[in-house]
Amino acid sequence: MRAINEQQVTSPAATPGTSPTSADTAFATAVRLTDVSKAYGTGRTALLALDRVSLTARDGEFVCIIGASGCGKSTLLNLVAGLDTPTAGEVDTGGRRVGLMFQEPALFPWLTAAKNVELALRAQGVPRAERRAQTAELLEAVRLSGFGDKRPHELSGGMRQRVALARALAQHADVLLMDEPFGALDAMTRDLLHDELERICAERTLTVLFVTHNVREAARLGDRVIVLSSRPGRVIAEYDVPRRGPRRIDSPEVANMAAALTDRLREEMGRHGI
Amino acid sequence: MASDQALQGLDNLELGPATRTGRSPARLARKAWTAAWPKLLAIALVLLVWQIVHLTGWKKLVLSPPSAVLSDLWQMARHGQLWAAIGVTMKRALIGYLLALIIGSVIGVLVARIPPLRAALGSIITGLQTMPSIAWYPFAIIFFTQGTAAILFVMVMGAAPSIANGLITGVDYTPPLLLRAGRTMGLRGLALYRYLILPASLPAYVAGMKQGWAFAWRSLMAGELVVTIVGAPGLGVLLNTNQSLQDFAGATSIIIVILIVGIVVDMVFTKADTALRRRRGLLDPSLPA
């Protein structure tokens, strides 16, 4: 447990983003949330989804966000993606392009896998001549070269999710937001996709905000893990996950980290149990 | 073991062995027979019951036996009069339906896109759908006078609401998740419609077109019976003539032809609908085509 560098954030007013470990000045900040709150509805019935959340992610950093139900994880990603605006506070991505991936692949069922990827390129204004080459390259990146002409319903869940990843990459995103992207997959497929995602991120210097319910997944993938409280979502803890060579889901350091995260999450859930 | 190799292996395992896609003549023939025999049997049963009723001597003076009707049909087919009538009617059907398709689609897109227009027209469109087309004819004949224009007007009034409603339903039922994906991808405004909303609404649109055809065909038949048209006779006019001549066999023959045309066009729509759903994985693959 010594290996884990934990910073407990006791009051929501504290700003973990400015703590010495996470604000490494060698890298530019890719995503910065400053005191971001989001409420749905108004007056008495208003529901506060996020409460003064501050966090940062550096360029190329893999940040996992974990929390129990009702922690506003999806709201957070929508705000960063610009699909929604915060009630208070500021979201700054420094003009970086943001791609979003969901738990469901959300592929267009009338298009083949390749055409799905190509449509994202078209929406970006990539000229027709370059689209084919780029599509082939992206499908190669997710190891689906031979499956470009298949329609989504002809592919397995894991393959569909990789097409969705290729499509998100086609948006020329610098920041990839992932909303429980592997939540609906079986454990074996998920393990393999962790390896793939790690490889792809390393090849492209992607900044990733990865939302998950799965503590092991967070410990396996993250350079940093942020724990959110529930109703409203606040940052309650932040863990740096030291990286010493390749990780596996069953590595001891991943298991240790997962145990620490589980304890912290249970403590938070217990708060709502009374 | 390298993880990407394991991944490739898993992909191959999950897709399973290649499915047979044989299109041998024997397979096609067997498929055609499977589809055809229940229909043939149904027709044979109808003819049998008809023959039995004829043999009982009920309504002896008017009720011709099936053999008489079929030979009448055969005579009409041989003398070209029937084909000319089918040609005249189908030309009207095509023009009227295309008009309805264009008008219905334009109204559908506008109503789906513009909220005040929907508030104003949404329920009127549904109301028009329930309006029996024959009720339009007095109005149409007064307004357009006797002639093809009156028929085309009623066909459009019958078919366009179904087509518009199909399109509106399709737009409304575009999955929100796909909309979210499309917006993240950078699809906005017209591009969002062209690449996402319209393709997503295609199945409901085709269903609306199919229903629209049924309405258009009914309106057309009613029109050819009710409206006086100068020029070559269509199917409805032949039917009318048969009625005047008290020709049971002739009238029945024309009814059979009208039924067959309706069924054939409906089959075309069903085929398109099935192909569409198969492409999108909305069809149980184990079902026969």
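For clarity, every value in this text was computed on a predicted model and none was experimentally measured. Position labels on residues start from 1 in each chain and follow its written sequence. The naming scheme follows written order: chains are lettered A onward, ligands numbered 1 onward. With pLDDT at 70 or above as the cut-off, local features in this predicted model cover only qualifying residues; side-chain atom pairs require 80 or more to be listed or tallied, and sums for whole chains, interfaces and linings still use all residues.

1. Observations concerning the overall build of chain A
Alright, step 1. Along chain A, the regular secondary structure elements total seven helices and ten strands.
Alright, step 2. Counting the 274 residues in chain A, one finds 46% classified as buried.
Alright, step 3. Once local pairs closer than 6 in sequence are excluded, the contacts in chain A between residues at least 24 apart make up 74%. Only DSSP runs of H or I with at least four residues qualify as helices, and only runs of E with at least two residues qualify as strands; both kinds are numbered from the N terminus onward. A residue is called partly exposed when the number of other C-beta atoms within 10 Å of its own lies between 12 and 20, exposed at 12 or fewer, and buried at 20 or more, with C-beta atoms placed from the backbone. Two residues qualify as a contact pair if the distance between their C-beta atoms, derived from the backbone, is within 7 Å.

2. Here we look at the overall build of chain B
Alright, step 1. Within chain B, the secondary structure is distributed over eleven helices and zero strands.
Alright, step 2. In this description the radius of gyration comes from C-alpha coordinates, and the expected globular size is given by 2.2 Å times residues to the power 0.38. In summary, chain B has a C-alpha radius of gyration of 25 Å against a globular reference of 19 Å for 289 residues, an excess of more than 25%.
Alright, step 3. If you line up chain B on its principal axes, its C-alpha atoms span 85 × 55 × 30 Å.
Alright, step 4. Sorting the 289 residues of chain B into buried and exposed places 29% on the buried side.
Alright, step 5. When contacts within chain B are restricted to residue pairs at least 6 apart in sequence, those whose partners lie at least 24 apart make up 76%.

3. With respect to the interface of chain A and chain B
Alright, step 1. Taken together, the 25 residues of chain A in the interface contact 25 residues of chain B.
Alright, step 2. Elements with a contribution of two residues or more to the side of chain A that touches chain B: strand S6 (98-101), helix H2 (113-123) and helix H5 (187-204) of chain A.
Alright, step 3. If one sorts the elements of the side of chain A that touches chain B by residue count, H5 of chain A sits on top with four residues.
Alright, step 4. Classifying every residue of the side of chain A that touches chain B by side-chain character gives 14 nonpolar, six polar and five charged. Under the grouping applied here, Gly and all other residues not named as nonpolar or charged are polar, the nonpolar ones being Ala, Val, Leu, Ile, Met, Phe, Trp, Tyr, Cys and Pro and the charged ones Asp, Glu, Lys and Arg.

4. What to know about the domain arrangement of chain A
Residue and element names in this part refer to chain A.
Alright, step 1. The domain boundaries assigned to chain A delineate domain 1 (5-96 + 174-271) and domain 2 (105-173).
Alright, step 2. For domain 1 versus domain 2, the separation of C-alpha centres amounts to 26 Å.
Alright, step 3. The interface of domain 1 with domain 2 comprises eleven residues on the first partner and eight residues on the second.
Alright, step 4. Secondary-structure elements contributing two or more residues to the side of domain 1 that touches domain 2 are strand S7 (175-179) and H5.
Alright, step 5. A total of four residues in the side of domain 1 that touches domain 2 trace back to one element, the largest contributor, which is H5.
Alright, step 6. The residue inventory of the side of domain 1 that touches domain 2, partitioned by class, reads eight nonpolar, one polar and two charged. Note that the domain bounds reflect an automated or database-derived domain assignment.

5. Quick word on the packing of helix H4 (residues 81-113) of chain B against helix H9 (residues 189-226) of chain B
All names here are of chain B.
Alright, step 1. For every element, the axis is a line fit to its C-alpha atoms; helices are fit only across the contacting stretch, and the angle between N-to-C directions ranges from 0 to 180 degrees. For the pair H4 and H9, interaxial distance at closest approach is 10 Å and the crossing angle is 135°. Classed by the angle they form, the pair H4 and H9 counts as oblique. Handedness of the H4/H9 crossing: right-handed. Where H4 abuts H9, its residues Thr89, Arg92, Ala93, Gly96, Tyr97, Ala100, Leu101 and Gly104 lie against Met209, Gly212, Trp213, Ala216, Trp217, Leu220 and Glu224.
Alright, step 2. Per-class residue counts for the contact of H4 with H9 are nine nonpolar, four polar and two charged. Oblique is the label for any angle not covered by the other classes, which are roughly parallel (under 35 degrees), roughly antiparallel (over 145) and roughly perpendicular (65 to 115). Crossings are sorted by hand: turned counterclockwise from the far helix by less than a right angle, the near helix makes the crossing left-handed, and turned clockwise it makes it right-handed.

6. Describing the sheet that holds strand S2 (residues 29-40) of chain A
All names here are of chain A.
Alright, step 1. Spatial ordering of the open sheet is given by S3-S2-S5, a layout of three strands whose pairing is antiparallel. Looking at strand neighbours, the two that pair on one side only are strand S3 (47-58) and strand S5 (88-92), the edges of this open sheet. Averaged over all neighbouring strand pairs, the angle between strand axes comes to 15°, with direction disregarded.
Alright, step 2. Pairing of S2 with S5 involves four bridges; the strand directions are antiparallel. From the neighbouring strand, Thr34 faces S5, where its bridge partner is Glu90. Criterion used throughout: strands pair if DSSP finds at least two bridges between them.

7. Quick notes on the pairing of S7 of chain A
Residues and elements named next belong to chain A.
Alright, step 1. S7 sits mainly inside the fold: five of its five residues count as buried.
Alright, step 2. Here S6 pairs with S7 via four bridges, running parallel. Bridging from a neighbouring strand, Leu100 pairs with Leu177 of S7.
Alright, step 3. Sheet topology note: the S7/strand S8 (residues 207-212) ladder contains five bridges and is parallel. By the bridge assignment, Leu177 is partnered in S8 with Leu209.

8. Focus on unusual backbone geometry
In most cases, non-glycine residues show a negative phi, while peptide bonds are predominantly trans.
Alright, step 1. Following Arg231 of chain A, the chain continues into Pro232 of chain A via a peptide bond in cis, with omega recorded as -5°.
Alright, step 2. One can find Pro232 of chain A in the loop between strand S9 (224-228) and strand S10 (235-240).
Alright, step 3. Despite not being glycine, Lys59 of chain B shows a phi value in the positive range, around 50°.
Alright, step 4. Within the fold, Lys59 of chain B resides in the loop between helix H2 (25-56) and helix H3 (66-78).
Alright, step 5. One non-glycine residue, Thr145 of chain B, adopts positive backbone phi at about 60°.
Alright, step 6. You can see Thr145 of chain B is positioned in the loop between helix H6 (137-144) and helix H7 (148-172).
Alright, step 7. Judged by local crowding, Thr145 of chain B falls into the exposed class, with 11 C-beta atoms found within 10 Å.

9. Some points on the packing of H7 of chain B against H9 of chain B
All names here are of chain B.
Alright, step 1. At their nearest, the axes of H7 and H9 sit 7 Å apart, and the two run at 160° to each other. Considered as vectors, H7 and H9 are oriented roughly antiparallel to each other. Judged by the sense of rotation from one axis to the other, the crossing of H7 with H9 is right-handed.
Alright, step 2. By residue class, the composition of the contact of H7 with H9 is 20 nonpolar, twelve polar and one charged.

10. Focus: the environment of Arg131 of chain A
Residues and elements named next belong to chain A.
Alright, step 1. Structurally, Arg131 is set in helix H3 (residues 128-141).
Alright, step 2. On a C-alpha basis, the gap between Arg131 and Leu83 in space is 26 Å, while along the polypeptide they are 48 residues apart.
Alright, step 3. Setting aside its immediate chain neighbours within four residues, Arg131 contacts Glu118, Leu121, Arg122 and Val126.

11. Quick notes on helix H4 (residues 157-170) of chain A
Residue and element names in this part refer to chain A.
Alright, step 1. Helix span, as expected, comes to 1.5 Å for every residue beyond the first. With 14 residues, H4 should reach 20 Å at 1.5 Å per residue; the first-to-last C-alpha distance of 20 Å fits that figure.
Alright, step 2. Summarising burial for H4: 13 of the 14 residues are buried, a large majority.
Alright, step 3. Two residues or fewer past H4, His172 is found with a positive phi of approximately 50°.

12. Observations regarding the confidence of the model for chain B
Alright, step 1. For chain B, per-residue confidence averages 89 on the pLDDT scale, and 95% of positions sit at 70 or higher.
Alright, step 2. For this predicted complex, the interface confidence reaches an ipTM of 0.80, while the overall pTM sits at 0.81. Within a predicted model, pLDDT stands for the predictor's per-residue confidence, ranging from 0 to 100.

13. Here we look at the environment of Asp266 of chain B
Alright, step 1. Following the sequence through the fold, Asp266 of chain B ends up in helix H11 (residues 248-279).
Alright, step 2. Measuring from C-alpha to C-alpha, the distance between Asp266 of chain B and Trp213 of chain B comes to 7.9 Å, with 53 residues separating the pair along the chain.

14. A closer look at the pairing of S10 of chain A
Residues and elements named next belong to chain A.
Alright, step 1. Of all six residues in S10, five are buried; the element is thus mostly enclosed.
Alright, step 2. Relative to S10, S9 is paired through five bridges, and the arrangement is antiparallel. Within S10, the position partnered with Arg224 by the bridge is Asp240.

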